[in-house]
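Fold and geometry: a report
Below are the chains, spelled out letter by letter.
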Amino acid sequence: MKNIYSKLVLILCTVFLVSCDNDEMSHTNVSAVNTLYSPANNKFFDLNAQSSAVFEWEAAKAEDNGVVLYDVVFDKENGDFSKPVYTMPSDGNGFQKTLTLSFSDLNKIAGLAGIPTEAVGKLKWTVHSSKGINVQKSAASGIFEVLTASGFPTPDQLFITGTGSENGTTVANAQAFKKVGTTKFEIYTKLSAGTYKFITTKNGTPVVYYVDNGKLKENGETTVTGDAKVYKIVLDFSTGVTTMTEIKKIELWFPPLSQYLFEYTYAGGGIWKAANKHISFKQESWGRDERYKFKFTVVNGAATTEEWYGSINGDNNRPDASTAASFWYMVPVTSDFWNNCFKFASAVDNANVNAEINFSAASPAYTHSFTIL
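Let me sum up the structure you'll find in this document. (Residues numbered from 1 in each chain as written. Predicted model: local features only at pLDDT ≥ 70, side-chain atom pairs only at ≥ 80, totals over all residues. Heavy atoms only, no water.)

Each pocket or cavity is described by its volume, and for the largest pocket that value is around 610 Å³. As for the largest pocket, its lining consists of 31 residues, and the residues nearest its centre are S104, N107, G151, F152 and S238. Listing elements by their share of the lining of the largest pocket, those giving two or more residues are helix 2 (103-112) and strand 16 (215-218). With 5 residues, helix 2 is the single largest residue contributor to the lining of the largest pocket. Here the lining of the largest pocket is composed, by residue class, of 12 nonpolar, 16 polar and 3 charged. In this structure, the second largest pocket spans a volume of roughly 220 Å³. (1 Å grid on protein atoms, 1.4 Å probe; cavity = no way out; pocket = protein on both sides within 12 Å on 5 of 7 lines; lining within 4 Å. Points joined across faces, edges and corners; volume = space filled by probe spheres on them. Helix = DSSP H or I, 4+ residues; strand = E, 2+ residues; numbered from the N terminus. Nonpolar A, V, L, I, M, F, W, Y, C, P; charged D, E, K, R; others polar.)

Following this line, the structure appears as structure tokens:
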């Protein structure tokens, strides 16, 4: 009798524990998403535009009538989502039954799916619903078509090398670009007859880019013919657009005399120099005038234009030993006769100097200096 009683107690305890376990886990149960609303099947997106795509689906239901979390899953056109190329939570950190994706993000997903740049391809999508566990995979999926943008993932660093570059084909000496934005790089460099390319690292196996008709391309090199010229090269990895501006001449503008005091000579590595130049301020009734700034003569295609560089300040005091290095930083300014001029230090008056303009990647900002001889 005692044994029968013990067995009954054990059975009742087991039933109670299973019942409790089922009750505790029931709040994690959700249904799968049954219907995808948008985008419509085979909808086309041109990812070169500055826009976004909205993915929307029917809500799933939670057994406890609580909230449901959603993940949107992307795969190749013929994928089965067992190894998706990309997964991300829906809007509102996974709580909303929509996902808004920028074309830039869609372009990245297309790249992960193996769709080349400037190519048409298809992607597949579906939605997973859950409470964080017990993930329910929807049986529904959609297909959409994209034209990928001409851009590329932005590297952390970039260099130029090749027979037509300043430092030749020795990768260790490749000249560095300056990163000037989230997706932009620029460099001031000389190109000669030969070839050049851009590399993402000096060690290991770099990703290689080149310019073809103003567009950034992968795995190749650009051929240069004719005379050597100094260029400002700007690359935007988000769009693949490149611009090349010839720097034909840089002159020191001295408005007190309404003339250019001298011209700089390109010395390599994004640096221009002028050696042993005499500078005298102009005597005015109120004192000695020492203001100056810079004119760049540049060529874009067939057009020759001017670019002016000066101080970030509209007006300045003469620098001295305590003046911050940022005083000499050069920024684009207008051609206004006097505004945004720098001022020479007092010791420069009636002295010979070595002048330098530094637009190299190593410099924290584009700057200039005068060394008294």
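To continue, consider helix 2. Every buried residue belonging to helix 2 is among F103, L106, N107, I109 and A110, and all of these are buried. Along the long axis of helix 2, the arc covered by the buried residues comes to 160°, so they all point the same way. Of the exposed residues in helix 2, those oriented more than 90 degrees away from the buried face are K108 and L112. Looking one or two residues past helix 2, G114 carries a phi angle of roughly 90°, positive in sign. (Buried < 20%, exposed > 50% of the residue type's maximum accessible area, 1.4 Å probe, protein only. Arc of directions from axis to C-beta.)

A full pass over the atoms with the stated rule returns 12 salt bridges. Between K232 and E186 there is a salt bridge, and its shortest N-O distance comes to 3.9 Å. Here K232 is found in strand 18 (residues 229-236), whereas its partner E186 is found in strand 13 (residues 184-191), with 46 residues between them in sequence. Neither residue differs from the other here; K232 and E186 are each classed as buried. By sharing partners, the salt bridges in this structure join E251, K295 and E306 into a single network. (Salt bridge = Lys/Arg side-chain N within 4 Å of Asp/Glu carboxyl O.)

We now examine the pairing of strand 26 (residues 303-310). Summarising the sheet, strand 25 (residues 291-300) and strand 26 pair through 7 bridges and their orientation is antiparallel. Bridge assignment links F296 to a residue of strand 26, and that residue is E307. Count of turn residues in the strand 25/strand 26 antiparallel hairpin: 2 residues, of which G301 carries a positive phi of about 65°. Where strand 26 and strand 27 (residues 331-333) come together, 3 bridges link them in antiparallel fashion. Its bridge partner being in strand 27, W308 is matched across the sheet by V333. (Pairing = 2+ DSSP bridges.)

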